[in-house]
Amino acid sequence: MSQAAHPAPRSLAEALRARDDVSLAALLRSRPDLITPVPTDLTQLATRAGTRASVLRALERLDRFALQTAEALAVAPDPASYDTLLSLMAGDAGDPAVAAALPHALAGLREQALVWGDDERLRLVRTARELLAPSPQHPSPTGLGPTVQEATSGMSPGRIQELVTTAGLPSTHDAVSAAAALSALFADRKNMAELLSGAPEAAREVLARLVWGPPYGQVTPDPAAHLRWLLDRGLLLPTAPGTVVLPREVALHLREGCAHRAPEPLPPAVEPAAAHGPQVVDATAAGQAYTTLATVEELLKDWDEGGPAVLRAGGLSVRDLKRTAVALDVAEPVAAFWVELAYAAGLIAPDGEADERYAATPAYDEWLERPPAERWARLAEAWLAATRTAGLVGGRDTKDRTLAALGPGLDRSAAPEVRHRVLTLLAGLPAGTAPDTGSVLARLRWERPLRGPQRDGDEDLRSRLARWTLSEAELLGITGRGALSAHGRALLGARDTSPVPSGSPRPSGPGDKLPVHHQHRPAAVPAPLSPAEQAVATAAAARLLAPLLPEPLDHVLLQADLTAVAPGPLRRPLADLLGVLADVESKGGATVYRFTPASVRRALDAGRTAADLHAFLAEHSRTPVPQPLAYLIDDVARRHGHLRVGAASAYVRCDDDTLLNEILADRRAAALRLRRLAPTVLAAPSDPATLLEGLRAMGYAPAAESAEGDVLIARAHARRTPPRTAPEPVPDGPPVPDATLLAAAIRAIRAGDLAATTPRKPAAGTPLAGGELPRTSSAETLATVQAAVLTGGSLWIGYVNAEGAASQRVIAPVKVEGGFVTAYDHTADEVRTYPLHRITGVAELAAD
């Protein structure tokens, strides 16, 4: 199956050198850490692709079948043929699904430079082989043990010859050939079957327990007869005192050639759990989107005059989170989600004062001015990209400290990827279909089997993130009744998640095998949208949501029991004033407000008069203003400001001395320590605010006054932080490079590789060692460059820049004057000018 057009590469660097630019771009896109920074040439790129950290990162992003393919190569001979790999994956009997999916898996491993070589000499990158090959300390996921050659490496030659003879083979001249003969016997299906046909039943049971791993077992110094039978024939080999292992060749025979017990060539399907009408789903999601806006506004209104204090270690205290949950009428985990959502959207932040507290940011005021659909879209977009994970609140970090809302330690770099992937899986279902949660988790585990460390709990992190995604998407209104809404689908952007057709293979290197049937090729996991694409998708989601949100109302329904019913969302001026004039009694589809003496006094303190309140209610009520409400307003207004409180430390003055006598006679006033200074003035040692609260608690309606004797209007003070930016998500590795960066990086790598590999003709008497810069005198350099200008030839030069960094370049000189050479630089792919004194030497390029 190898391609004769390309000679077999001898190294990974040669395999990369044979790739075209499209294939190199696919490698750098799938492994962006390889161009951070950009390698100087393809040899350095190959070296970086084989480092342990980079290989681990690449292995973590393989799906289960691709990982199983890499694991099979790790236990195959090095190099291995494609037929050997197919035999390990599909077994002796063959598996059509595995055979159809294997070419695509192998092409993906080649694309990511984890495998190189043609189909006759497939090689797993050495670091990947070390990570995946079996060892006593790190058993292979295949459950296979060492080969006969590896297991007998420390055995005496005489003992190996005994094993060969007992197995029915002729003795050999040395231990290496004896081990090879034993290995060949175990790999021969017919001869191996004959050997095992005489095994005791108990010996067969021992082999059955070890065959799928772990392959190691314990024996006593005097093993039983059935164990002795296995040991004498090398079917079990000692690895340490009291420990034996089942050789790999024996296990593969017993497994009928399969490296894995259950190969998984196809991803598990996402199963539907319930089906609803798309209109029902969209309406339900839109209703929850409106609740999202109301909840965030209520949270920020509660913190408008300064929110809870910031803990010394950062974040909200447990007490403040409980208080917030009570104010929002939700459970504490849900309150943590709303708080984190507002923080991720940049609507709240610490104020930076000495006594640091959380408060709304100036961005909150801008957010309030936007249309409702755009406000929701901003929240949804912030949630989709955030790495902060509210589901971790209340858990423990690695140092056994409690994780607090808005505190450190909540970032999980995998969160955005999991959210995108879960919603994309929902988008793959028919409209209105809610998924089975278990099937979603199974699909995620197939796509990233190595991701999700166990340190965050018994369930892997990706599964927990997926569960949180499903519940948070429902809270936000991205989904409705568990199904993805139309505006939620738009938020993801227009995606084609169908399988790649067989006529459009992904780029690959020499010798890649392409699948015959595209239905066996799993759909590629789509990458997250770029910022520009996400902005377009967010705007589209807002446009789809806008018609589904209820229109704000300009009226309420006043009732005789001193309540007002808002049958829907209210326009902002109406909602703001009504929130001052009345207290919210219940929320839901319709909000109920209750008028009380304290709430009416609050409106009067804010500068409203009784006439203003009567006119306001008459204008905005669809029902007549009830008489009890009118009486309540007039009664509170008549008493409001009759008493005046100012600063003495504090005093009370009133034209009605009878009222002052009544206050002095009231036992509840004892704590205020009032004393009469004049018939119409009482003084107190407390401050005016304390005196105001004390008198109001006694049922009076005092008003504060200024030093000039004017009534002070008490309006709520909106506290804002200085301008703050939303928290930046913690990246999950280097960002995926865009097309422009990829093109520039590939051009630089190709140019550097040309400079490093082009044959050179050294100057006479100055032989060059590999990688050494050319060294010539100034006169020789000038003469050689001038000659190249006349002949139009290219030169190899050594160059030291102004920072002292040395490099080698291939240039085609155009002119030489004033101590400078102007040349086309093949390395930089542009015309440049170089000072001659910075050129260490020149050498002509050897003829092809």
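Residues numbered from 1 in each chain as written. Predicted model: local features only at pLDDT ≥ 70, side-chain atom pairs only at ≥ 80, totals over all residues. Heavy atoms only, no water.

## Some thoughts on the side chain of His 620
Part 1: Looking at the element boundaries, His 620 is found in helix H28 (residues 610-620).
Part 2: In this structure the side chain of His 620 is engaged in a polar contact, spanning 3.1 Å, whose partner is the backbone oxygen of Asp 554.
Part 3: Once residues lying within four places of it in the same chain are set aside, the contact partners of His 620 are Asp 554, His 555, Val 556 and Leu 574. (Helix = DSSP H or I, 4+ residues; strand = E, 2+ residues; numbered from the N terminus. Polar contact = N/O pair within 3.5 Å; in protein donor to acceptor, adjacent residues only side chain to side chain. Contact = heavy atoms within 4.5 Å.)

## Observations concerning the sheet that holds strand E5 (residues 243-245)
Part 1: Taking strand neighbours across the sheet as the criterion, the 3 strands line up as E3-E5-E4 in an open arrangement whose pairing is antiparallel. Edge positions in the sheet fall to strand E3 (216-218) and strand E4 (237-240), since each has one partner strand and no second. Put simply, the sheet's adjacent strands are angled 40° from each other on average, direction ignored. (Pairing = 2+ DSSP bridges. Axes fitted to C-alpha atoms, helices over the stretch in contact; angles between N-to-C directions.)

## Observations concerning the nonpolar core
Part 1: Among the nonpolar cores identified, the biggest contains 89 residues, and Phe 186, Leu 235 and Leu 236 are the most heavily contacted of them.
Part 2: Here this core takes 8 residues from helix H5 (residues 64-75), the largest share from any one element.
Part 3: With residues up to four places along the chain from it excluded, the contact list for Phe 186 reads Val 148, Met 192, Leu 195, Arg 233, Gly 234, Leu 235, Glu 249, Val 250 and His 253.
Part 4: Grouped together as the second largest cluster of nonpolar side chains are 72 residues, Leu 368, Leu 425, Leu 470 and Leu 484 included. (Core = buried A, V, L, I, M, F, W, Y, C linked by side-chain atoms within 4.5 Å. Buried < 20%, exposed > 50% of the residue type's maximum accessible area, 1.4 Å probe, protein only.)

## Here's the deal with the packing of aromatic side chains
Part 1: Considering all chains together, one arrives at 4 aromatic pairs under this definition.
Part 2: Aromatic side chains Tyr 799 and Tyr 834 sit 4.9 Å apart centroid to centroid with 70° between the ring planes, which places their arrangement in the edge-to-face category. Separated by 35 residues along the polypeptide, Tyr 799 in strand E22 (residues 795-800) and Tyr 834 in strand E25 (residues 830-835) bring together distant segments of the chain.
Part 3: Residue Tyr 799 is classed as buried on the basis of its relative accessible area of 10%. (Phe/Tyr/Trp six-rings, centres within 6.5 Å; stacked < 30°, edge-to-face > 60°.)

## A few points about the sheet that holds strand E15 (residues 591-594)
Backbone hydrogen bonds hold the strands of a sheet together, and the pairing may be parallel or antiparallel.
Part 1: On the basis of which strands lie adjacent, the open sheet formed by 4 strands has the order E12-E13-E15-E14 and antiparallel pairing. Across the chains shown, the open sheet's two edge strands, defined by having one partner strand only, are strand E12 (557-559) and strand E14 (583-586). On average, adjacent strands in this sheet sit at an angle of 30° to one another, irrespective of strand direction.

## So, the pattern of salt bridges
Part 1: By the definition in use, this model includes 31 salt bridges.
Part 2: One salt bridge in this structure joins Arg 594 and Glu 585, with 2.4 Å as the shortest N-O distance.
Part 3: Judged by its relative accessible area of 43%, Glu 585 falls in the partly exposed class.
Part 4: If you follow the salt bridges from partner to partner, you end up with Arg 61, Glu 417, Arg 448 and Arg 462 in one network. (Salt bridge = Lys/Arg side-chain N within 4 Å of Asp/Glu carboxyl O.)

## Observations concerning empty space enclosed by the protein
Part 1: Scanning the model with the defined rule gives 4 cavities of 30 Å³ or more in all.
Part 2: Looking at the largest cavity, the residues that line it are Phe 337, Glu 340, Leu 341, Ala 344, Trp 383, Ala 386, Arg 388, Thr 389, Ala 390, Arg 419 and Glu 472.
Part 3: The element that contributes the greatest number of residues to the lining of the largest cavity is helix H18 (residues 332-344), accounting for 4 residues.
Part 4: Looking at the lining of the largest cavity residue by residue, the class counts come to 6 nonpolar, 1 polar and 4 charged. (1 Å grid on protein atoms, 1.4 Å probe; cavity = no way out; pocket = protein on both sides within 12 Å on 5 of 7 lines; lining within 4 Å. Points joined across faces, edges and corners; volume = space filled by probe spheres on them. Nonpolar A, V, L, I, M, F, W, Y, C, P; charged D, E, K, R; others polar.)

## Considering unusual backbone geometry
Part 1: Across the junction of Thr 36 and Pro 37, the peptide omega takes the value 0°, indicating a cis bond.
Part 2: Between Asp 78 and Pro 79 the backbone carries a cis peptide bond, its omega angle lying at 0°.
Part 3: By the element assignment, Pro 79 lies in the loop between H5 and helix H6 (82-90).
Part 4: Phi at Arg 481 takes a positive value of approximately 55°, unusual for a residue other than glycine.
Part 5: Among the residues examined, Arg 481 registers a relative accessible area of 47% and is labelled partly exposed.
Part 6: At Arg 673, a position not held by glycine, the phi torsion is positive, near 55°.
Part 7: Within the secondary structure layout, Arg 673 lies in the loop between helix H30 (657-665) and strand E18 (675-678).
Part 8: Arg 673 sits in the exposed class, given a relative accessible area of 59%.

## Comments concerning helix H13 (residues 201-210)
For the α-helix, the turn length of 3.6 residues means that residues three or four positions removed from each other point alike.
Part 1: Buried within H13 are the following residues: Ala 203, Val 206, Leu 207 and Leu 210. Down the axis of H13, the smallest arc covering the buried residues is 95°, so these residues share one side. Along H13, the residues that are exposed and aim more than 90 degrees away from the buried face are Glu 201, Ala 208 and Arg 209.
Part 2: In this fold, the buried residues of H13 make contact with helix H12 (189-197), E3, helix H14 (225-232) and helix H15 (248-254). (Arc of directions from axis to C-beta.)

## Focus on the packing of helix H11 (residues 175-187) against H12
Geometry of a packed helix pair, given as the angle between the helix axes and the separation of the axes.
Part 1: Two elements in contact, H11 and H12, have axes separated by 5 Å at closest approach and are oriented at 90°. Classed by the angle they form, the pair H11 and H12 counts as roughly perpendicular. Together, Leu 185, Phe 186 and Ala 187 of H11 and Arg 189, Asn 191, Met 192 and Leu 195 of H12 make up the contact between the two elements. (Parallel < 35°, antiparallel > 145°, perpendicular 65-115°, else oblique.)

## Some words on a negative patch on the surface
Part 1: A cluster of like negative charges, contributed by Asp 655, Asp 656, Asp 657 and Glu 662, occupies part of the molecular surface.
Part 2: Looking at the secondary structure, you find Asp 655 in the loop between strand E17 (650-653) and H30.
Part 3: We classify Asp 655 as exposed; its relative accessible area is 72%. (Patch = residues over 30% accessible without salt bridge, like charges linked within 9 Å, V, L, I, M, F, W, Y side chains within 5 Å. Areas by Shrake-Rupley, 256 points an atom, 1.4 Å probe, with all protein chains shown as cover. Lys, Arg positive; Asp, Glu negative; His and termini not counted. Charge placed at Lys NZ, Arg CZ, Asp CG, Glu CD.)

In short, geometric facts, not functional conclusions.
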